[in-house]
2 protein chains.
Amino acid sequence: MASNRVWQTTTTFKRLISTYTSKSLPSKTHLHAPIPDSAFPKGYALTGLHAGVKKKPELLDLGIIISKLPASAAACFTRNAFKAAPVIVSQEVLKESQGRARALVVNSGCANAVTGTQGMQDAWAMVRATDALLDPPPSASETLVMSTGVIGQTLPISKILTAIQSQSTSSLGSGFGAWEAAARAFMTTDTFPKLRARTFTIRGKDYRLAGMDKGAGMIHPNMGPPSGQLHATLLGCILTDAAVSPRSLQNALTYAVDRSFNSISVDGDMSTNDTIIVLANGAAADGQPEINEAMDKDAYEIFKEELTSFASELAQLVVRDGEGATKFVTVSVEGASTYGDAHKVASRISTSALVKTALFGEDANWGRILAATGSIPLSTPLDPSRVNVSFVPIDGTAPLPLLVNGEPEKVDETRASEIIGAEDLEIRVELGLGDQSAKYWTCDFSYEYVKINGDYRT
Amino acid sequence: MASNRVWQTTTTFKRLISTYTSKSLPSKTHLHAPIPDSAFPKGYALTGLHAGVKKKPELLDLGIIISKLPASAAACFTRNAFKAAPVIVSQEVLKESQGRARALVVNSGCANAVTGTQGMQDAWAMVRATDALLDPPPSASETLVMSTGVIGQTLPISKILTAIQSQSTSSLGSGFGAWEAAARAFMTTDTFPKLRARTFTIRGKDYRLAGMDKGAGMIHPNMGPPSGQLHATLLGCILTDAAVSPRSLQNALTYAVDRSFNSISVDGDMSTNDTIIVLANGAAADGQPEINEAMDKDAYEIFKEELTSFASELAQLVVRDGEGATKFVTVSVEGASTYGDAHKVASRISTSALVKTALFGEDANWGRILAATGSIPLSTPLDPSRVNVSFVPIDGTAPLPLLVNGEPEKVDETRASEIIGAEDLEIRVELGLGDQSAKYWTCDFSYEYVKINGDYRT
């Protein structure tokens, strides 16, 4: 009876059901703006249209990109064991063509993943219909295909084919409007089209890069070249008017993807469809030889670094538009003994639900950062007494140390709140074990994230 | 201008800010009920009290458990590189005593983690103060210590020591009230104390097991024996009046923990403090020899299986009370070529934010289950055409196939909603590669999860 009494008087079982009031999501308006037509690489023609994969007629769901000249092609694909049909088909095309392609076709709204034989037939049909737009017609397929959207549903293939067949090289455009429409055709839960362009110079000659990509969930890519073990739905493409040999293009892309798309996380989930494709058509090369790692290391290095920096810009856009994201957070891990260790720690911090909810709550909870840091085995074991953690504001003011040589600092909470209250911030972790570093980009976990993913069927 | 026009008319940048209305969290009242005094193992005395670590005086924050007889002790500790002071101290005590201990002392409200030299001193002070309650007094420490709560803050050690010193063997109890108070002293964000007892029989003789544990966040334990590489804040203890040799007790616990506490996830985050301790004092052995793996394999196997089953019951309670949880989900992975592969796949599905939000949204989204399944490298690569996925209702009615031999089934959405609408369900994934299997227990990701972790500082 005494026992019963204790039990009855001190027990409160149900957590209070609260209302969840969320701060407004930050506006993303500034992240998409018109780009002058002259900034886009030469020799490409594009379109984005509504084929009928998505229900609402105002939403674009089919993009076609054609290079008017022969082009080198390279790609990185998801390492997921369940690779969607378009991933398998693009790999085959790229292998057969030995790194040459002239067209990309992409649909959003349906991932054509886990769709069996029908899915493979549909992906090939998209390739062949787009091949038919090429002039001169290719002897073997030169179209790479990408799909994103719901898994396990087959494409409305006749609608898609009709839409492709309605196009011709002359109906495609090359101005901002055409590029933007193509970028819109990639979108699923994205709130804005992701399109960027830049110019770079090699030996006094200007070349252009343009790229587009999409997120915004199932984003934790781990992509490798076609020959490697494959895993990540992030889709993207990068187009340049430089001339680059297929092999050098693949090497540069693989390097770039590891330091960009493979270094972002929205939700820690790797997709069956992740694909990044790059085309280099040499339209601005004016007879210069192809950039070739073996022949001209310097030119290759310049190209590789430009591609990496540009890929990183595109990858970060996906995180900024991550599902429900209110924060854009750079996780920098320094002082690791290997790049792999630095990358693993940065990835673990970037995917920690506790770190991400603390970021949403604007709570300077370094304990969670530390617990995540210590939770994975590294090639050189961590020595807690050498670890430093700090918040780095992006306005150039002084970093705020949270942990110095394994001991907690007395944190100025006002300053901590200032830094973590900003939309952008950096978490820096120094391991004190070596000179290797890696960066990862992540966002917070919000009510909106739960809402989007409790409702939306990928 | 044309470009600009396209841009202005089709852009909508901000996702609608919604109100987040959540279904009620399920009541957990039925998960804690009085247990008859006679069900508890003999020879233990316990208490739970308010020492002042937590602010509210009605919340218990200090538990003391004493075995009146010499006892074998075994433990599994977090493998996190940042091991809290109580973890390090308990490891040292256990090593010095060669697997003997007579007392446990636990506080909640402060994890004594990342607290440097002061933290180590405080943990030792708790051990020594509890040692002083033992009769006869130990020649070397026989107290194991556990802490849970905020990381990076030092304990209010004088309050804790005063509270320990106010106790004596005679002030401790052995009825349900005392056991329940001790269980309450473990609680942090838990909504109910987790206490269970059961009786088992070896060679016609009855023994008892009782245990208590706590969650409810930073729960993704990976614990190993003291000698192994260490990582998980889950705290728990299991007490028995069977007699078991220290080494056999450790082997049985290591086996049990892998299949129980190391197979649960609330949020995928591994703590700096995770500790499971078992004491076996032989109070019901009546002169029977200690259970010893080398001497009597049969008796050992019975004990090991009872311990594993009991540990699994305690571990599942943590998931049922997971932060914000509205669902209790068993993830069964079958047909793997190794137990390790099966465990890895089950863990990946159980930690997928997309799977967990789909469960909260009661969306039969098998695509996300599949993407998670395929996202990690296994010792035998997956063959998608051999994979089967189904939902298994817990009411004994027929499972619902979602994917058969890699091809999606036409799913009866009404039936799928019925199954996923229940509080308990099982996700079964058959890999078709071998005969090894593993189970994992997880919960969903809700608004409440985000709220708890956006506010609460661990």
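Above this text sits the structure in question.
Read on for a plain summary of the structure. (Residues numbered from 1 in each chain as written. Chains lettered and ligands numbered in written order. Predicted model: local features only at pLDDT ≥ 70, side-chain atom pairs only at ≥ 80, totals over all residues. Heavy atoms only, no water.)

**Points about the sheet that holds strand β6 (residues 194–202) of chain B**
Residue and element names in this part refer to chain B.
Right, so step 1: Ordered by their spatial adjacency, six strands build an open sheet running β6-β7-β9-β11-β3-β8, and the pairing between neighbours is mixed. Each edge of the open sheet carries a strand with a single partner, namely β6 and β8 (223–224).
Right, so step 2: Here six bridges tie strand β9 (residues 235–240) to strand β11 (residues 275–280), and the two strands are oriented parallel to one another. Counted as the bridge partner of isoleucine 238 is valine 278 from β11.
Right, so step 3: Across the face of the sheet, helix α5 (residues 176–184) comes into contact with β6, β7 (205–214) and β9 while running at roughly 125° to β6.
Right, so step 4: Each of β3 (72–78), β8 and β11 touches helix α6 (residues 246–258); the most contacted strand, β3, lies at about 35° to it. (Pairing = 2+ DSSP bridges. Helix = DSSP H or I, 4+ residues; strand = E, 2+ residues; numbered from the N terminus. Contact = heavy atoms within 4.5 Å. Axes fitted to C-alpha atoms, helices over the stretch in contact; angles between N-to-C directions.)

**What to know about α5 of chain B**
Right, so step 1: Taken across its nine residues, α5 of chain B has nine buried, putting it largely inside the fold.
Right, so step 2: Among the residues of α5 of chain B, those classed as buried are Phe176, Gly177, Ala178, Trp179, Glu180, Ala181, Ala182, Ala183 and Arg184 of chain B. (Buried < 20%, exposed > 50% of the residue type's maximum accessible area, 1.4 Å probe, protein only.)

**Looking at the pairing of strand β2 (residues 62–67) of chain B**
Residue and element names in this part refer to chain B.
Right, so step 1: In terms of burial, β2 is a largely internal element, six of the six residues being buried.
Right, so step 2: What you see with β2 is no split at all: Leu62, Ile64 and Ile66 on one side and Gly63, Ile65 and Ser67 on the other are buried throughout.
Right, so step 3: Alignment of strand β1 (residues 44–49) against β2, held across six bridges, turns out to be antiparallel. Note that in β2 the partner of tyrosine 44 across the bridge is serine 67.

**Topic: the packing of aromatic side chains**
Right, so step 1: With the rule as written, the count across this model stands at 14 aromatic pairs over all chains.
Right, so step 2: Centre to centre, the rings of phenylalanine 445 of chain A and tyrosine 449 of chain A are 4.7 Å apart; their planes meet at 45°, and the pair counts as tilted. Residues phenylalanine 445 of chain A and tyrosine 449 of chain A agree in their burial class; the two are buried.
Right, so step 3: On the numbers, 5.4 Å between centres and 80° between planes, the contact of phenylalanine 360 of chain B with tyrosine 447 of chain B is edge-to-face. Pair noted here: phenylalanine 360 of chain B is in helix α9 (residues 353–360) and tyrosine 447 of chain B is in helix α12 (residues 447–455), with a separation of 87 residues, a long-range link. One exposure class covers both phenylalanine 360 of chain B and tyrosine 447 of chain B, and it is buried.
Right, so step 4: In textbook terms, an aromatic cluster arises when at least three aromatic residues are bridged by ring pairs, as seen for Phe360 and Tyr447 of chain A together with Phe360 and Tyr447 of chain B.
Right, so step 5: The aromatic ring of phenylalanine 192 of chain A is capped on one face by lysine 194 of chain A, whose charged end is 4.2 Å from the ring centroid. (Phe/Tyr/Trp six-rings, centres within 6.5 Å; stacked < 30°, edge-to-face > 60°. Lys NZ or Arg CZ within 6 Å of the ring centre and 35° of its normal.)

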